[in-house]
Amino acid sequence: MDILQNLVHMTGQRDHLRLEFSVLSTLLQLPHVTQVRALEIHPFEGQPWVRPRTWLQDGQLVNTDIDFLHDPQRKPLSTLPTLNAGMLRKQERIAITTADGLHILWLPVWMREQARVCIEITQSAEFSTHDLDILLAIFQVYQNYQSLLDYSERDALTGLLNRKTFDEHLHRFSNSTKAENMTEIQPWLAVIDIDHFKQVNDRYGHLFGDEVLILVANLLRSNFGSQHRVFRFGGEEFVILLQPMSLSAVSEALEHFRQAVQDYEFPQIGKITVSLGFSGAHMRSPSPTELLSQADEALYYAKENGRNRVCHYETLQALGVLKKQEQITHDDVELF
């Protein structure tokens, strides 16, 4: 009955982290289970790395509030050779018995041919057929709800995160850096706009316009990977939440993306360009709306001064080149 109640609670979640807590709590109700963890997996330095994101500690489930790049617990996935080999073969379940007699089962959460999360279950006794049937049934419910949540958070055309998830991601993103007094190294918010996109739609039609959006989204994914959060805000506008780095590093990364778009040959259309504005999202940053407005101001300056360029809000502000203007913020009514 406890397991059924936990399943009811799990299927009522509308947040990935709460859903993760819920499935681990459910698994802990099973006999013989001594430890559960949710492992987070990301590519880094050309290979997959792993770290515990949620785990059982002193009888309570806890999760890390440190971003992946700065977590001292992260390590190459190759340090877990059995799990690494199973992931390379895209196995749905991977098991091992340790030298001290513990039985570990790994269940990767495969979504779009990738697994960024893996549920780890440790038992004192060997996994029986009955144990596996129950574990896999619970895990399948969890995975199905993960897919539903992921689908609701994604832009239907590009597969990027959508606008409605931005505030929640920004809140978590900023909270993860509050423990550090960041000056030179800080997170960043960048806004990207495709130059003269209306002309693409008018000249070639919306079908080719949609293809441009998809291809730009693919370039964003390939350039910024899984460490950063990329959103489609609607139309031809995209937003990136970048993990902590220096001003020179973020400028180089954004400039590299701008150049990648400029060099890309878009089918039928040929060449297009993008303009970018970005601002520092340090712990003393203003509200999410004001932060977005700052990056928007830098983007507006880029578009008004030649397009196909990257502009930094704080630098423009220091130079005194930003004009005072009334702007409609992203929280105001938008007319279509």
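Counting of residues starts from 1 at the beginning of each chain's written sequence and follows it residue by residue. Note on the predicted model: pLDDT of at least 70 is required for a residue's local features to be given, and 80 or more for side-chain atom pairs to be given and counted; whole-chain, interface and lining totals, by contrast, use all residues. Hydrogens and waters are ignored; side-chain quantities use all the structure's heavy atoms.

An unreviewed UniProt entry annotates the chain as diguanylate cyclase of Comamonas denitrificans. Per its UniProt entry, the chain bears the Catalytic activity (unreviewed entry) comment "2 GTP = 3',3'-c-di-GMP + 2 diphosphate". UniProt positions are given in the numbering used here, feature names are shortened, and annotations may be inferred rather than shown by experiment.

1. Quick word on helix H8 (residues 247–263)
Helical geometry note: an α-helix holds 3.6 residues per turn, so side chains three or four residues apart project in the same direction. Between its terminal C-alpha atoms H8 stretches 24 Å, which fits the 24 Å expected from 17 residues at 1.5 Å a residue. Each residue is placed in one exposure class: buried if its accessible area under a 1.4 Å probe, protein chains only, is under 20% of its type's maximum, exposed if it is over 50%, and partly exposed if it falls in between. Labels follow the DSSP assignment, with helices taken as runs of H or I lasting at least four residues and strands as runs of E lasting at least two, numbered in each case from the N terminus. Taken together, the buried positions of H8 are occupied by Val250, Leu254, Phe257, Arg258 and Val261. The arc that holds the buried residues of H8, viewed along the axis, is 100°, so those residues lie on one side. For H8, the exposed residues set more than 90 degrees away from the buried face come down to Ser248, Glu252 and His256. Elements in contact with the buried residues of H8: strand E9 (186–194), helix H7 (206–224), strand E11 (237–245), strand E12 (274–280) and strand E13 (310–312). Take the residue count of a helix, subtract one, and multiply by 1.5 Å to get its expected span. Note that the arc is defined by the directions from the helix axis to the C-beta atoms. Any two residues whose heavy atoms approach within 4.5 Å are treated as being in contact.

2. Quick look at the packing of aromatic side chains
Any two of the Phe, Tyr and Trp rings considered here, Trp counted by its six-membered ring, make a pair once their centres fall within 6.5 Å; the pair's planes then place it as stacked at under 30 degrees, edge-to-face at over 60, or tilted in between. Tallied over the entire structure, the rule returns 6 aromatic pairs. Ring centres of Phe224 and Phe257 lie 5.8 Å apart, and the angle between their planes is 50°; on these two criteria the pair is classed as tilted. Of this pair, Phe224 sits in helix H7 while Phe257 sits in helix H8, and the two are 33 residues apart along the sequence. When its relative accessible area of 4% is taken as the criterion, Phe224 is described as buried. Overall, the relative accessible area of 0% leaves Phe257 in the buried class.

3. Here we look at the nonpolar core
Here the nonpolar core consists of buried residues drawn from Ala, Val, Leu, Ile, Met, Phe, Trp, Tyr and Cys, with membership extended through side-chain atoms lying within 4.5 Å. Core analysis: the largest hydrophobic core is formed by 30 residues, its most contacted members being Leu220 and Phe257. Contributing elements (two or more residues each) for this core: E9, helix H6 (197–204), H7, E11, H8 and E12. A total of 8 residues in this core trace back to one element, the largest contributor, which is H7. Not counting residues up to four positions away in its chain, the partners in contact with Leu220 are Leu160, Ile192, Gly225, Val230, Phe238, Ile240 and Phe257. Counting residues in each nonpolar core, the second largest holds 24 residues, with Leu27, Val36, Leu105 and Leu135 among its members.

4. What to know about the sheet that holds E13
Strands pair, by our definition, only if DSSP identifies at least two bridges between them. Taken in spatial order, the 6 strands of this open sheet run E8-E10-E11-E9-E12-E13, and their pairing is mixed. Of all the strands in the sheet, just strand E8 (161–162) and E13 have a single pairing partner and so form its edges. Here E8 runs beside strand E10 (residues 229–234); their pairing, made up of 2 bridges, is parallel. Bridge pairing in E10 links Leu161 to Phe231.

5. Concerning the environment of Leu247
Position of Leu247 relative to the elements: it lies in helix H8. Overall, the relative accessible area of 33% leaves Leu247 in the partly exposed class. Among residues more than four places away in sequence, those in contact with Leu247 are Glu184, Trp188, Phe278 and His312.

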